[in-house]
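Chain by chain, the residues run as shown.
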Amino acid sequence: MADKKSAPVVRRKERLAADKPKEAAAPEAETFLDMSDRAQRRLKSREARHAANTQAPPADDETAVNGATNGATNGATNGDANGDAIEVDEDGNPVETAKKEPIVLTPFDIISGNRIDPFFFKFQFKNVEYSSGRNKTFLCYLVDPGTDGLLMRGYMEDEHLFDHVEEAFFKEILPYYNPKHKYVVTWYMSSSPCAACLTKVAEILKVRKTVRMTIFSARLFNWEEPEIQAGLKALVAAGCKLRMMKPLDFTYTWDTFVENDNDTFTLWEDCQENYEFYHEKLAEILES
């Protein structure tokens, strides 16, 4: 009896199931039954690409972490590209920071030392007529302060930005003057002073009457300009001796003021000829 009662129940369930609309089977399950091997491989490849391009959204904690990381990375990258770094907090939100002011490096004024680099000496002291690229002035000095002290020796250089070496010498090397002492000052310069420095040195010598000064120059600076010619004459009138550097003077300067590592100085080919040219020009200016 139990079997008879249970049979209709089973058939009822089967009818209900049969009456329900069938759910669409997975396309791959039906397709794979009748597909060739080549078609199945194509379908698998297409599904694999689709799965790779479709990713599940990250969890909340992943979003916070990745957001902060990506924000920091992208912010730093974009900030560096634009010149300003962008800071972010832990949640990846940009943080306002004070704008950094650019660092302004002031150009140097005067450099001084005991010996010149040999490359600079060979280039800066070369007595060429047209001194292209030689935008510095080198001054090698010897000072006998007129006391029992030792002879002062060294060099100075500038880039014509603030004080020139001629004026800086009297501020840094010989700032004090005692009229009871007799000073002997000798300069070996890569180029003769400019018009302004000629005037300043002449004024100093007029005040410091016990200073005997001699200036040897490798080149004459802008000797065609009237202001330069007038300044050279005024300096001589104040008691300074002006000389152009001979080949022997270049060798002496090399031995005395240059880091030569005991190397012998070799003069350039037209050194004597260039000296004669400048020597004649200086003589013409002072005699005119």
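Residues numbered from 1 in each chain as written. Predicted model: local features only at pLDDT ≥ 70, side-chain atom pairs only at ≥ 80, totals over all residues. Heavy atoms only, no water.

Caption draft 1: Spatial organisation of the packing of helix 8 (residues 226-237) against helix 10 (residues 271-287). Relative orientation of the contacting elements helix 8 and helix 10 amounts to 75°, with a least axis distance of 9 Å. Between helix 8 and helix 10, the angle is such that the two are roughly perpendicular. The residues of helix 10 that touch helix 8, namely those facing Gln229, Leu232, Lys233 and Val236, are Leu282, Ile285 and Leu286. For the contact of helix 8 with helix 10, the class distribution of residues is 5 nonpolar, 1 polar and 1 charged. (Axes fitted to C-alpha atoms, helices over the stretch in contact; angles between N-to-C directions. Helix = DSSP H or I, 4+ residues; strand = E, 2+ residues; numbered from the N terminus. Parallel < 35°, antiparallel > 145°, perpendicular 65-115°, else oblique. Contact = heavy atoms within 4.5 Å. Nonpolar A, V, L, I, M, F, W, Y, C, P; charged D, E, K, R; others polar.)

Caption draft 2: Fine view of the packing of helix 6 (residues 165-172) against helix 7 (residues 195-207). Packing of helix 6 against helix 7 leaves a shortest axis separation of 9 Å and a crossing angle of 30°. Looking at the two axes, helix 6 sits roughly parallel to helix 7. Listed contacts from helix 7 to Glu166, Glu167 and Phe170 of helix 6 are Cys197, Lys200, Val201 and Ile204.

Caption draft 3: Examining the pattern of salt bridges more closely. In the structure shown here, the tally under the stated rule is 3 salt bridges. Lysine 136 is paired through a salt bridge with glutamate 157; the nearest N and O atoms lie 3.3 Å apart. Note that lysine 136 is positioned in the loop between helix 5 (118-124) and strand 4 (137-144) and glutamate 157 in strand 5 (residues 152-158), a separation of 21 residues in sequence. For the pair lysine 136 and glutamate 157, a shared accessibility class is recorded, and that class is buried. The residue lysine 171 makes a salt bridge to glutamate 167 at a minimum N-O spacing of 3.5 Å. Here glutamate 167 and lysine 171 lie together in helix 6, a separation of 4 residues that amounts to about one turn. A relative accessible area of 22% means that glutamate 167 is categorised as partly exposed. (Salt bridge = Lys/Arg side-chain N within 4 Å of Asp/Glu carboxyl O. Buried < 20%, exposed > 50% of the residue type's maximum accessible area, 1.4 Å probe, protein only.)

By themselves, these observations are geometric and do not establish any function.
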